[in-house]
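Coordinate analysis (summary)
The residues making up each chain are set out below.
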Amino acid sequence: MRLSSRLRHTSATLGLVAIATLVPSAPAHAQVRTADPAARGIPLSAFPRFVKLADNVYGYEEIRQPGFTTVSLVVIGRNGVLVADAQGSVEATRTMLERIRTLTPLPVKWYVVGSDHGDHTAGNSELPKDITYIVHPTSFAQLKRDSAAATGGRVVVVPPRAMTGTEETIDVGGTTVKVLFLGRAHTGGDLMVQLPRERLLFMSEAYLNRVFPAMRSAYPSEWAKTIDAALAVPNVTRYIPGHGFIEEAAVSREELVTFRDAITRVIAEVKRLKGLGLTVDDAIKQANWGDLGGWFLASQQGPIAVRRVWAELDGTLK
Ligand SMILES: [Zn+2]
């Protein structure tokens, strides 16, 4: 991508690559705020990798095209392993399961569908057949539709049943895991995973760290409110994204606020363009995202966001 290569070039020029490499836990202000591994001085050969979040709790960062991370959550209990979100292909999810086996011999017993999108679920046929799924009814229905539409040998795994209610607690053995539905966001069936004792909240695709708000199936204004609800969950200090880098605690909250603001900025820009009396196609041409235009996926997702916000403003989004 043109913009990200410019970013890389600028960062290298400023010597930020060296800073990021030599001081991995640098103070908050020193961390390069980007989803671009090169700009942070991390070679693609470093992926996939685990980021330890607490005893027996790991984030798993794997690179997807066009070059940012997809994040899975791994919680190892006495009774087995819980995974929230997998990866975007059979091969990538198989690799993740192999890597988990380097951490523990225990089987993967629970799977939380944080996002039903293919970049997190397309490899789910690799998961153990007797695994327990936790899935929101909206994502359950979407996976059923995707499974019915799947062609060319592609397999979309449909869990046996959807969760009832908006919260579920799982005792994986020694660690309490809470699955939360805090409102519609990126897919409508967005689930998050809270570890109360570890003060962690895995937000799946409701939190895209420095990746342009991807709105193909999103509920734009509700998404911003859902992030506010996440920020209001008590005793959380670290927020884990579904894409982009896992940050240290303080930065993770700052970046979540930045992402919430990115959503409200996108909404405000579309409102402005609509207020000028433009057609949606002209609005797409004239959209000015400011610095968000340099985030991953901006050129691809900008037009999609315009159409989605437009539909919400027209009241045609259900
Ligand atoms: Zn995704």
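This text follows the structure it describes.
Quick look at the structure, then. None of the values given here were measured: they were computed from a predicted structure.

**A closer look at the pattern of salt bridges**
Two side chains of opposite charge can pair, provided their charged atoms sit close to one another. Going through the model one piece at a time under the given rule, you end up with 18 salt bridges. R260 serves as the salt-bridge partner of D228, at 2.5 Å between the closest nitrogen and oxygen. Placement of the pair is D228 in helix 6 (residues 220-231) and R260 in helix 7 (residues 249-275), with a sequence separation of 32 residues. Residue K274 is joined to D314 by a salt bridge in which the shortest nitrogen-to-oxygen separation is 2.8 Å. Placement of K274 in helix 7 and of D314 in helix 9 (residues 298-314) is noted, with a sequence separation of 40 residues between them. In this structure K274 comes out as partly exposed when scored by relative accessible area, which is 26%. By relative accessible area, D314 is classed as partly exposed at 44%.

**Thoughts on the environment of V81**
Checked against the element boundaries, V81 lands in strand 4 (residues 80-84). With 145 residues separating them in the primary sequence, V81 and T226 have C-alpha atoms 27 Å apart. Here V81 is in contact with V74, V75, I76, I100, T104, L106, P107, V108, K109 and W110, once residues within four sequence places are set aside.

**Thoughts on the sheet that holds strand 8 (residues 176-180)**
Spatially, 7-8-9-10-11 is the arrangement adopted by the 5 strands of the open sheet, whose pairing is mixed. Looking at the sheet topology across the chains shown, the edges are occupied by strand 7 (167-171) and strand 11 (238-240). Between one strand axis and the next, the sheet turns through 20 degrees on average, direction left out of account. Two strands pair when backbone bridges link them, and strand 9 (residues 192-195) and strand 10 (residues 200-202) are joined in this way by 3 bridges, in the antiparallel orientation. Each bridged residue has a counterpart across the sheet, and for L195 the counterpart in strand 10 is L200.

**Topic: the environment of L73**
Secondary-structure assignment places L73 in strand 3 (residues 68-77). Overall, L73 belongs to the buried group, its relative accessible area being 2%. In the structure, L73 is positioned 192 residues away from R265 in sequence and 29 Å away in space, judged by C-alpha atoms.

**Details of the pairing of strand 7**
Sheet analysis places strand 7 next to strand 8, joined by 5 bridges and oriented antiparallel. Each bridged residue has a counterpart across the sheet, and for T169 the counterpart in strand 8 is K178. In sequence, strand 7 turns back onto strand 8 through a hairpin of 4 residues, with G173 there showing a positive phi of about 105 degrees.

**Considering the side chain of S217**
Residue position: S217 is located in the loop between strand 10 and helix 6. Only 3.1 Å separates the side chain of S217 from the backbone oxygen of H186, close enough to count as a polar contact. With near-sequence residues (within four places) excluded, S217 lies in contact with H117, H186, T187, G188 and R308.

**With respect to the sheet that holds strand 6 (residues 132-134)**
Here we have 6 strands laid out as an open sheet, ordered 1-2-3-4-5-6, and mixed in their pairing. With partners counted over all chains shown, the strands left at the sheet margins are strand 1 (49-54) and strand 6, one partner each. Taking each pair of neighbouring strands and ignoring which way they run, the sheet shows an average axis angle of 25 degrees. Pairing between strand 1 and strand 2 (residues 57-64): 5 bridges, direction antiparallel. Across the sheet, F50 pairs through a bridge with Y60, a residue of strand 2. Against the sheet, helix 3 (residues 90-101) contacts strand 1, strand 2, strand 3, strand 4 and strand 5 (108-112), and its axis sits at roughly 150 degrees relative to strand 2.

**Structural notes on the nonpolar core**
In globular proteins that are soluble, nonpolar side chains generally tend to be buried together. Ranked by size, the top nonpolar core spans 43 residues in total, and within it M203, W223 and V266 carry the most contacts. Taken together, the elements giving at least two residues each to this core come down to helix 6, helix 7 and helix 9. With residues up to four places along the chain from it excluded, the contact list for W223 reads R184, A185, H186, E205, A206, L208, P213, A214, M215, A218, F259 and I263. In terms of nonpolar packing, the next biggest core, distinct from the first, is built from 25 residues, L73, V112, F181 and I246 among them.

Cut-offs applied
- Residues numbered from 1 in each chain as written.
- Predicted model: local features only at pLDDT ≥ 70, side-chain atom pairs only at ≥ 80, totals over all residues.
- Heavy atoms only, no water.
- Salt bridge = Lys/Arg side-chain N within 4 Å of Asp/Glu carboxyl O.
- Helix = DSSP H or I, 4+ residues; strand = E, 2+ residues; numbered from the N terminus.
- Buried < 20%, exposed > 50% of the residue type's maximum accessible area, 1.4 Å probe, protein only.
- Contact = heavy atoms within 4.5 Å.
- Pairing = 2+ DSSP bridges.
- Axes fitted to C-alpha atoms, helices over the stretch in contact; angles between N-to-C directions.
- Polar contact = N/O pair within 3.5 Å; in protein donor to acceptor, adjacent residues only side chain to side chain.
- Core = buried A, V, L, I, M, F, W, Y, C linked by side-chain atoms within 4.5 Å.

All we've got here are geometric facts, nothing functional implied.
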